[in-house]
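Coordinate analysis (summary)
Below, each chain spelled out in residue letters.
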Amino acid sequence: MTIQWFPGHMAKARREVEEKLKLVDFVMELVDARTPLSSQNPMLQQVLQQKSKMIVLMKKDLADARQTEKWIAYFREKKIPAIAVDVNNKADIKNVIQMAKELGQEKMDKLLKKGIQPRAARAMIVGIPNVGKSTLINRLANKKIAKTGDRPGITKQQLWIKVKKDFELLDTPGILWPKFEEEAVGYRLAAIGTIKDQLLSLQDITAFVIQYMQVHYPVQLEERYEIDRDMDDMLEIFNTIGKQRGALLSGGNISFDKVAEIVLRDLRTGRLGNITLETPEQA
Ligand SMILES: Nc1nc2c(ncn2[C@@H]2O[C@H](COP(=O)(O)OP(=O)(O)OP(=O)(O)O)[C@@H](O)[C@H]2O)c(=O)[nH]1
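From a predicted model like this one, the values you see are computed outputs, not experimental measurements. (Residues numbered from 1 in each chain as written. Predicted model: local features only at pLDDT ≥ 70, side-chain atom pairs only at ≥ 80, totals over all residues.)

A closer look at the overall build of the chain
- From N to C terminus, the chain includes ten helices and eight strands.
- Counting only C-alpha atoms, the chain reaches 75 × 40 × 35 Å along its principal axes.
- Counting across all 283 residues of the chain, residues that qualify as buried make up 36%.
- Considering only contacts in the chain between residues 6 or more positions apart, those separated by 24 or more positions represent 66%. (Helix = DSSP H or I, 4+ residues; strand = E, 2+ residues; numbered from the N terminus. Buried ≥ 20, exposed ≤ 12 C-beta atoms within 10 Å, placed from the backbone. Contact = placed C-beta atoms within 7 Å.)

So, the site of the ligand
- As a structural note, the neighbourhood of the ligand is formed by 17 residues, with Pro129, Gly132, Lys133, Ser134 and Thr135 the closest of them.
- In terms of residues, the shell around the ligand owes the most to one element, helix H5 (residues 133–141), which gives three residues.
- Counted by class, the shell around the ligand contains eight nonpolar, five polar and four charged residues. (Near = placed C-beta within 6 Å. Nonpolar A, V, L, I, M, F, W, Y, C, P; charged D, E, K, R; others polar.)

Overview of the domain arrangement of the chain
- For the chain, the assigned domains read domain 1 (7–175) and domain 2 (201–268).
- Each of domain 1 and domain 2 was reduced to a C-alpha centroid, and the two centroids are 37 Å apart. (Domains from an automatic or database assignment.)

Quick notes on the packing of helix H9 (residues 234–245) against helix H10 (residues 256–268)
- Axis separation between H9 and H10 bottoms out at 9 Å; the angle between their running directions is 80°. With respect to each other, H9 and H10 are oriented roughly perpendicular. Only Phe256, Val259, Ile262 and Val263 of H10 make contact with H9, whose side of the interface consists of Phe238, Ile241, Gly242 and Arg245.
- Partitioning the contact of H9 with H10 into residue classes produces six nonpolar, one polar and one charged. (Axes fitted to C-alpha atoms, helices over the stretch in contact; angles between N-to-C directions. Parallel < 35°, antiparallel > 145°, perpendicular 65-115°, else oblique.)

Examining the nonpolar core
- Within the largest apolar cluster, 40 residues are counted, with the highest numbers of intra-cluster contacts made by Leu30, Val56, Leu57, Met58 and Ala123.
- For methionine 58, the residues in contact, after removing those within four places along its chain, are Leu30, Val31, Asp32, Ala33, Val85, Val131, Gly132 and Leu136.
- Membership of the second largest hydrophobic core comes to 29 residues, among which are Phe238, Ala247, Val263 and Ile275. (Core = buried A, V, L, I, M, F, W, Y, C linked by C-beta atoms within 7 Å.)

Examining the UniProt feature "binding site: GTP" (unreviewed entry) in the chain
- Sequence positions flagged by UniProt for "binding site: GTP" (unreviewed entry) are, in local numbering, Asn130, Val131, Gly132, Lys133, Ser134, Thr135 and Gly174. Spatially, the listed residues are clustered: although they cover 45 residues, their C-alpha atoms lie within 13.6 Å of one another.
- With respect to the secondary-structure elements, glycine 132 resides in the loop between strand S4 (121–127) and H5.
- Counting through the fold element by element, threonine 135 comes out in helix H5.
- Of the residues examined, threonine 135 has 15 C-beta atoms within 10 Å and is grouped as partly exposed. (UniProt positions renumbered as here; feature names shortened; annotations may be inferred.)

Some details on helix H7 (residues 202–216)
- Compared with an ideal rise of 1.5 Å per residue, which puts 15 residues at 21 Å, H7 spans 21 Å between its outermost C-alpha atoms and is within 8% of the ideal.
- Along H7, the residues that are buried comprise Ile205, Thr206, Val209, Ile210 and Met213. The buried residues of H7 all sit within an arc of 135° when viewed along its axis, so they share a single face.
- Looking at the buried residues of H7, the elements they touch are helix H6 (183–192), helix H8 (218–225), H9 and H10. (Expected span 1.5 Å × (residues − 1). Arc of directions from axis to C-beta.)

A short note on unusual backbone geometry
- Phi at lysine 79 takes a positive value of approximately 65°, unusual for a residue other than glycine.
- Summarising the element assignment, lysine 79 is placed in the loop between helix H3 (65–77) and strand S3 (82–84).
- Given 7 C-beta atoms within 10 Å, lysine 79 falls into the exposed group.

Below, the structure written as structure tokens:
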């Protein structure tokens, strides 16, 4: 979460993912359901080469279900199996396992055709910071970690989680760096809390979110902050929210930083409703 992505960090992360990739049959790429494209990593496809992958849209409980459906269709159209998950929903976790098993089975069928004895398919989880990698690994593991060689004096080997008898998962995820090729990507990632808040101006991130919501979620804005649909002056909008929520400086003036904190906290905790910050149509 606190990693800053300098070129050296990116190169190191890439090397680590490449090393781990050698051990697995396929990859589970986690993206954030609220911003599925911006939370993907542009280098992953090159790194993956021929390895197949499935996409897991995490935190679906915070995203707009209608958009999530569209995003799943978008990925499936590109022949990438995709599924949306709320880690606290047991059925979702079961469905992830099922999809992973199917992908693993495809791989084993190929091996069988080559005359190689099938074995448990192995996968790893990859994704940008804060997307939910550790949480999903824990849910899939459910205390089924198979420890190998982790005693002192023994070279530390990779640990495998036996999710099912025919499906094993690497216990450590591959961390991918986010891409900031476009300004909007940075704002979306900052809005959901992937990028440290200090890196972009809180007020700018908030203005970006409000502008997006004015187009896509005007009702939620109206309901939470009593902002009129045709109010288009950002200063007036910040003032309105500040007054309504008591975001004041000692002299009684509105604190724009406080307003920004309030709006971003409301967004990240779902209090603004289920919001997705990019649509497949934009892609
Ligand atoms: N609402 C919701 N929150 C989730 C979900 N999955 C994960 N989270 C939360 O997202 C935050 C980040 O989760 P982690 O599992 O630490 O993410 P990570 O990708 O391992 O993060 P790094 O260690 O920074 O790379 C935590 O507060 C989780 O509780 C989900 O499906 N829904």
